[in-house]
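Now for the letters of each chain:
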Amino acid sequence: MKNVLLFTNAVLAVAVVILFVLVLGNRTCQQSGEPVAMNDSLCTARLPIAYINVDSLLLNYQFAKDANEVLIKQEEDSRLTFNTKARQLQEEVADFQKKLENNAFLSRERAEREQTRLMQKQQELQELEAKLSQELFAKQQKVNEQLRDTITNFLNEYNKVKKFEVILSNTANDNVLHADKKYDITAEVVAELNRRCMKK
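Reference entry: report on the structure contained in this document.

## Observations regarding the overall build of the chain
- Each helix and strand in the chain was counted, giving five helices and four strands.
- Of all 200 residues assigned to the chain, the portion counted as buried reaches 20%.
- Sequence-distant contacts, at least 24 apart, represent 74% of the contacts inside the chain between residues at least 6 apart.
- For the chain, the exposed surface amounts to about 15300 Å²; the carbon and sulfur share of it is 55%.

## Here's the deal with the nonpolar core
- Counting 15 residues, the largest nonpolar core has Leu 57 and Val 189 as its most contacted members.
- Elements represented by at least two residues in this core include exactly strand S3 (49-53), helix H4 (108-162) and helix H5 (186-199).
- At five residues, H4 tops the list of elements feeding residues into this core.
- Leu 89, Phe 96, Leu 125 and Leu 132 belong to the second largest nonpolar core, which has nine residues in total.

## Side note on the environment of Gln 90
- Position of Gln 90 relative to the elements: it lies in helix H3 (residues 62-101).
- By relative accessible area, which is 59% here, Gln 90 ends up exposed.

## Here we look at the pattern of salt bridges
- Evaluated as defined, the whole model comprises 13 salt bridges.
- Of the charged contacts, one joins Glu 114 and Arg 117 as a salt bridge, the two residues approaching to 2.8 Å between their closest N and O atoms. You can see Glu 114 and its partner Arg 117 sitting in helix H4, three residues apart, about one turn around the helix.
- Relative accessible area serves as the criterion here: at 15%, Glu 114 is assigned to the buried category.
- In this structure, a network of salt bridges that share partners links the residues Glu 92, Glu 114, Arg 117 and Lys 121.

Quick notes on the rules
- Residues numbered from 1 in each chain as written.
- Predicted model: local features only at pLDDT ≥ 70, side-chain atom pairs only at ≥ 80, totals over all residues.
- Heavy atoms only, no water.
- Helix = DSSP H or I, 4+ residues; strand = E, 2+ residues; numbered from the N terminus.
- Buried < 20%, exposed > 50% of the residue type's maximum accessible area, 1.4 Å probe, protein only.
- Contact = heavy atoms within 4.5 Å.
- Areas by Shrake-Rupley, 256 points an atom, 1.4 Å probe, with all protein chains shown as cover.
- Core = buried A, V, L, I, M, F, W, Y, C linked by side-chain atoms within 4.5 Å.
- Salt bridge = Lys/Arg side-chain N within 4 Å of Asp/Glu carboxyl O.

Any functional reading would require information that these geometric values do not contain.
As structure tokens, this is what we get:
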């Protein structure tokens with residue numbers, strides 16, 4: 001009885017192996033609708049995944065470059081506005097110190113009023129700095145959202161034709177540690193995004 005079970009299991013194992021070879025031996029792989037023949041039961045077709053190098057995309061996508069220039073200009077303008085007002089305040093404080101040292105104020109109340117005015121001005125300068133920083137941050141958020149939307153909307157359209165299962169983002173080799181260059185669609189995506197950008 002034991003020998004019969006062993007013989008039956010061996011026959012079943014051989015049958016499974018033969019069935020496996022027959023099924024996989026005649027199968028083809030599909031990539032973009034084109035069948036690719038298999039060699040020794042191994043599929044050599046490209047997997048339905050791709051990745052985009054985000055650093056390269058941001059450096060070469062015209063919308064991203066333009067948006068970055070706008071942000072840099074706003075930051076420079078904010079810094080110039082703040083520095084001009086800060087310099088004026090510094091000069092007024094230095095003038096106040098000289099007057100105080102030379103007893104140039106007619107009365108103590110007059111000196112205290114001037115000191116209060118300068119302190120108020122310093123408070124306003126701090127509020128201006130916070131306001132300018134907040135405005136710049138809000139602008140950066142808006143630009144990032146627009147950029148993300150343009151890329152996401154483009155990829156939705158792009159993938160209707162390409163039919164990738166997964167498109168990964170790769171920033172400074174953080175997400176994709178190693179991949180064949182055939183999975184990198186960055187150049188193609190940037191070219192198409194720039195072509196669309198030029199139409200607008």
